[in-house]
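Take a look at the letters that make up each chain.
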Amino acid sequence: MKQLSTKVTSNGHGQDSSYFLGWEEYEKNPYDEIKNPDGIIQMGLAENQLCFDLIETWLAKNPDAAGLKKDGQSIFKELALFQDYHGLPEFKKALAEFMEEIRGNRVTFDPSKIVLAAGSTSANETLMFCLAEPGDAFLLPTPYYPGFDRDLKWRTGAEIVPIHCTSSNGFQITESALQQAYQQAQKLDLKVKGVLVTNPSNPLGTMLTRREINLLVDFISSKNIHLISDEIYSGTVFGFEQFVSVMDVLKDKNLENSEVSKRVHVVYSLSKDLGLPGFRVGAIYSNDEMVVSAATKMSSFGLVSSQTQYLLSALLSDKKFTSKYLDENQKRLKIRQKQLVSGLEAAGVTCLKSNAGLFCWVDMRHLLDTNTFEAELELWKKIVYEVKLNISPGSSCHCTEPGWFRVCFANMSEDTLDLAMKRLKEYVESTDSRRMISKSSHERIKSLRKRTVSNWVFRVSWTDRVPDER
Amino acid sequence: MKQLSTKVTSNAHGQDSSYFLGWEEYEKNPYDEIKNPNGIIQMGLAENQLCFDLIETWLARNPDAAGLKKDGQSIFKELALFQDYHGLPEFKKALAEFMEEIRGNRVRFDPSKIVLAAGSTSANETLMFCLAEPGDAFLLPTPYYPGFDRDLKWRTGAEIVPIHCSSSNGFQIKESALQQAYQQAQKLDLKVKGVLVTNPSNPLGTMLTRREINLLVDFISSKNIHLISDEIYSGTVFGFEQFVSVMDVLKDKNLENSEVAKRVHVVYSLSKDLGLPGFRVGAIYSNDEMVVSAATKMSSFGLVSSQTQYLLSALLSDKKFTSKYLDENKKRLKIRQKQLVSGLEAAGVTCLKSNAGLFCWVDMRHLLDTNTFEAELELWKKIVYEVKLNISPGSSCHCTEPGWFRVCFANMSEDTLDLAMKRLKEYVESTDSRRMISKSSHERIKSLRKRTVSNWVFRVSWTDRVPDER
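Residues numbered from 1 in each chain as written. Chains lettered and ligands numbered in written order. Predicted model: local features only at pLDDT ≥ 70, side-chain atom pairs only at ≥ 80, totals over all residues. Heavy atoms only, no water.

Looking up chain B in an unreviewed UniProt entry gives the name 1-aminocyclopropane-1-carboxylate synthase, with the organism given as Camelina sativa. One UniProt comment on chain B, placed under Pathway (unreviewed entry), says "Alkene biosynthesis; ethylene biosynthesis via S-adenosyl-L-methionine; ethylene from S-adenosyl-L-methionine: step 1/2." (UniProt positions renumbered as here; feature names shortened; annotations may be inferred.)

Named according to an unreviewed UniProt entry, chain A is 1-aminocyclopropane-1-carboxylate synthase originating from Camelina sativa. Recorded in UniProt under Pathway (unreviewed entry), the annotation for chain A is "Alkene biosynthesis; ethylene biosynthesis via S-adenosyl-L-methionine; ethylene from S-adenosyl-L-methionine: step 1/2." Of the comments in the UniProt record for chain A, the one headed Sequence similarities (unreviewed entry) reads "Belongs to the class-I pyridoxal-phosphate-dependent aminotransferase family."

Novice: I'm lost on the UniProt feature "domain: Aminotransferase class I/classII large" (unreviewed entry) in chain B in this one. Help?
Specialist: UniProt annotation of "domain: Aminotransferase class I/classII large" (unreviewed entry) refers to residues 41–424 of chain B when read in the numbering used here. Secondary structure content for residues 41–424 of chain B is 42% helix and 15% strand, while the C-alpha to C-alpha distance between its ends is 11 Å. (Helix = DSSP H or I, 4+ residues; strand = E, 2+ residues; numbered from the N terminus.)

Novice: For this particular structure, what's the right way to read the UniProt feature "domain: Aminotransferase class I/classII large" (unreviewed entry) in chain A?
Specialist: Look at the UniProt record and you will see "domain: Aminotransferase class I/classII large" (unreviewed entry) annotated at residues 41–424 of chain A. With 42% helix and 15% strand, residues 41–424 of chain A has its two end C-alpha atoms placed 11 Å apart.

Novice: Whenever I open this one, the state of the cysteines confuses me. Can you help?
Specialist: Any covalent bond linking the sulfur atoms of two cysteines counts as a disulfide. All names here are of chain B. Here the structure, examined in full by the defined rule, presents zero disulfides over all chains. With no disulfide of its own, Cys408 lies 9.4 Å from the sulfur of Cys360, the closest cysteine sulfur. Relative accessible area serves as the criterion here: at 0%, Cys408 is assigned to the buried category. (Disulfide = S-S within 2.5 Å. Buried < 20%, exposed > 50% of the residue type's maximum accessible area, 1.4 Å probe, protein only.)

Novice: When you look at the interface of chain B and chain A in this model, what are you seeing that I'm missing?
Specialist: By a widely used convention, the size of an interface equals the accessible area lost when the partners come together. Contacts between the two partners involve 80 residues from chain B and, on the opposite side, 80 residues from chain A. With both sides pooled, the region where chain B packs onto chain A buries about 7,200 Å², and carbon together with sulfur makes up 58% of that total. Contact with chain A buries area across many residues of chain B, yet Gln83, Arg155 and Phe301 of chain B alone supply 12% of it, more than any other trio. Our count for the chain B to chain A interface comes out at zero salt bridges. Where chain B packs against chain A, one counts 28 residue pairs in polar contact (both at pLDDT 80 or more). For the side of chain B that touches chain A, the secondary-structure elements that each account for two or more residues are helix H1 (6–9), helix H3 (52–61), helix H5 (76–81), helix H7 (119–131), helix H8 (148–153), strand E7 (192–198), helix H12 (289–298) and helix H13 (306–317) of chain B. At seven residues, the largest contribution of residues to the side of chain B that touches chain A is made by H7 of chain B. Across the side of chain B that touches chain A, the residue classes tally to 35 nonpolar, 25 polar and 20 charged. (Contact = heavy atoms within 4.5 Å. Buried area = accessible area lost by both parts, 1.4 Å probe. Salt bridge = Lys/Arg side-chain N within 4 Å of Asp/Glu carboxyl O. Polar contact = N/O pair within 3.5 Å; in protein donor to acceptor, adjacent residues only side chain to side chain. Nonpolar A, V, L, I, M, F, W, Y, C, P; charged D, E, K, R; others polar.)

Novice: Could you clarify how one ought to interpret the pattern of salt bridges in this entry?
Specialist: Close approach of charged atoms allows side chains with opposite charge to pair. Residue and element names in this part refer to chain A. For the structure shown, the criterion picks out 40 salt bridges over all chains. Put simply, Lys153 and Asp149 hold a salt bridge, and the shortest N to O gap is 4.0 Å. On the criterion of helical spacing, the pair formed by Lys153 and Asp149 is a turn pair, its members being four residues apart in helix H8 (residues 148–153). Classification of Asp149 as buried rests on a relative accessible area of 1%. Here the salt bridges share partners, and the residues they tie into one network are Asp53, Glu328 and Arg332.

Novice: Can you walk me through H12 of chain B in this structure?
Specialist: Given 3.6 residues per helical turn, the α-helix brings residues three or four places apart onto the same face. Judged by how many residues are buried, H12 of chain B sits mostly within the fold: seven of 10 residues are covered. Every buried residue of H12 of chain B is accounted for by Val291, Val292, Ala294, Ala295, Thr296, Lys297 and Met298 of chain B. Each element contacted by the buried residues of H12 of chain B is listed here: helix H1 (6–9) of chain A together with strand E4 (114–117), H7, strand E9 (264–269) and strand E10 (282–286) of chain B. Two or three places before Met290 of chain B, at the start of H12 of chain B, stands the capping residue Asp288 of chain B, its side-chain oxygen 2.9 Å from that residue's backbone nitrogen.

Novice: Could you clarify how one ought to interpret the packing of helix H9 (residues 175–187) of chain B against helix H10 (residues 210–223) of chain B in this entry?
Specialist: Residue and element names in this part refer to chain B. Remark: H9 packs on H10, axes separated minimally by 11 Å, with the N-to-C direction vectors making an angle of 35°. Crossing of H9 against H10: the hand is right-handed. Between H9 and H10, the residues in contact are Glu175, Leu178, Gln179 and Tyr182 and Leu215, Leu216, Phe219 and Lys223, respectively. Its residues placed into classes, the contact of H9 with H10 shows five nonpolar, one polar and two charged. (Axes fitted to C-alpha atoms, helices over the stretch in contact; angles between N-to-C directions. Left-handed = near helix turned anticlockwise from the far one by under 90°.)

Novice: Before we go on, may I ask you to explain the packing of aromatic side chains in this structure?
Specialist: Working definition: an aromatic ring pair is given by the centre-to-centre distance plus the angle between the planes. Per the stated rule, a full pass over the model turns up 27 aromatic pairs over all chains. Aromatic pair Phe321 of chain A and Tyr325 of chain A: ring centres 5.6 Å apart, planes at 35°, arrangement tilted. Placement of the pair is Phe321 of chain A and Tyr325 of chain A together in helix H14 (residues 319–346), with a separation of four residues, close to one helical turn. Residues Phe321 of chain A and Tyr325 of chain A agree in their burial class; the two are buried. Between Tyr144 of chain B and Phe148 of chain B the ring centres are 6.3 Å apart and the planes differ by 45°, which places this aromatic pair in the tilted class. Residues Tyr144 of chain B and Phe148 of chain B agree in their burial class; the two are buried. When the ring centre of Tyr182 of chain B is taken as reference, the NZ or CZ atom of Lys223 of chain B above it lies at 4.4 Å. Lys334 of chain B extends its terminal NZ or CZ atom over the ring of Phe240 of chain B, reaching a point 4.0 Å from the ring centre. (Phe/Tyr/Trp six-rings, centres within 6.5 Å; stacked < 30°, edge-to-face > 60°. Lys NZ or Arg CZ within 6 Å of the ring centre and 35° of its normal.)

Pasting the structure below:
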């Protein structure tokens, strides 16, 4: 008799050994400015390391918050005993206000509609349990965060059907792509329960346009399905254009108290904006009472430590801090992203024009030997082993076009980023010379037309080594 | 089309409104020594509030631990970024050693076989996902912790089949009961994947005897199934007899490296021994590599906050502290339990002889009007509304005999416990006089013979008000 569940035993079948290779190589040979200057530079981790000093300064000025004290008095006992799955009221209030602040206070978030979770990983899975039966499907625009294959499908039994987006229009969601995805699901005999988007996008780093969000709201309205908007990167928008949340669109369309707004759910987390992935703070925001009620009970399986809720309620309640932080965070991200973009340009590499996130979506199609995913993997191995940069290949994000890579910029120092760009430039220049000798430009253009789309709809691709990272 | 999953919509059908009543009444009218001396005393919460002073003293002497510092230097950044699902190595090491210390250092726990989870709530659910398919069953001895209906069955689709235990032998597990449960599962066409026991037991407060554990190990060996031993109360053993863990039995039977050892899994948590339910610290310990590997990935859905892991690794690494704490904890629990037992005796009420846990299993069968669960519920309502004590009725723990109640003793002060016992004594004395007038002893003995077993196998009984508590 089978002793372990299929969730355990099928695991082995989903491992993408090439992806595993990059991580393994990095961990065997990690770059260190002093100890290992020739090591591999980690550019595959979407971490925000740019503003820790601001938080550390705040912590030093407010020792009670971490010290489990209130006005100098120990509240250790109260926190140790606090396991109410409704969450610490002062924390949910501060979190709601922080989410409002990120959206320019244009929309309101009611703390009673917030459900806390152990990171957005937990929040997204919980929402799936609430909205989908095993075998039901959610539509996701490609490329998307590789972790969704595990988070949305593994234990829930739900399926993901892709909404194909291409570089022809900057990977924006088109109505035809939406409809095509819906029909594809029906062909596969899958009941579509909703659409899930990440806005700003991982891995693109772009924000959904108002047009796209309107399209999505109209679509879910007509199909009577749900829309999950994972706005985990909402506080990392650094361009001139302001962030447009699905909540903005509902308000502008006067749909705030409508039936359709009950099917719109926002997911948030403090892992990216505040750079606190280790603290495991995520949230679901829903206008549907039943979803809030069920998700609240389910949060028992992933409550946020009361110690952490208390610390963060103090931090986020300090409006002087949050206002300064959000402002400074945007400034530093903008500068660092510019440094990456310039560095790439110097290497003759362009990326998708973006103004959010902790990464750029980089176009290396011209560096492929052939316009195939096999060639993408070959290029990736070269970049890992020869250039010594660990970046994320587009195929792992289910991109339909080979040659795109996600490159992170906020998890290293300026100098390290500089070095990474130098290495890339050297590689591209040496490759260019080799290319000009071996290939005619005519042949190159011909191979670019070949399109290969791998069958990735049900592939789970992660390994033991992949960190719980986006 | 159904918009929400059945996990959400079936929820409402499982609510036990009587159980809900007790909680609601308590929250409307909670006892407070000064502000509300006639309020309801909470005796349904299995919290350990007896030793907070020891931890607070330690915290005051070791400010770095909560202050996110190491040797006076801030390690905030490292902790903020630490989200490795393998857990903080120093924490797992300290936890393994703490678990060994609780077992008198008779057995070894290998930190690499520990998987951290957000409380044992998360740990138990994760184990179910790893060991059972939807529709598979686990056998559980009754009475058992009401939360298991949610934790083991809700999102996993697993089933629970009871192993009936009765007062005839102190609710111990008999071989005939085990076999009967197994056959019952087969009659219901359920594949049995294992047995789950809580040792020490909730709600009994007793430890499994060596005989019982041997029986269980032999049983799972012959049936080729799993054994989960939830040892969350292992550090609350205060009697003369030492705690016998399933790990002890495996060692004594020379089965430590055997095939059957791979099917024995221990669950632990710091919520009861250390009184830290708010910090969400649980663990799975397994000798099966595949289970450890899969459970580790699943822990992504409920990681322990790095802030909390760090604090507790410092606390548990201090052997002077842990040794003193475990010793003092036992002493205080013993005294407080004795106070409850004496108080009950003075009211003419006995309880199951026990030497562990944070509660007693109290025999109020003689106070029932009839030997039925309806009468138990009536008695319970009287105790909540008239005696103003919130205690847990045995039926909520799936006990097959009416009239048993779980009464907690470690979540209140001595004086409050004293008052609670006085109230009970007054009630019993007034009831006794009423009884002697209205009923002949002959009739009373007759009604005691009637046995009613409610069909509870698939009933989920918890409400929005029930705290995430055991």
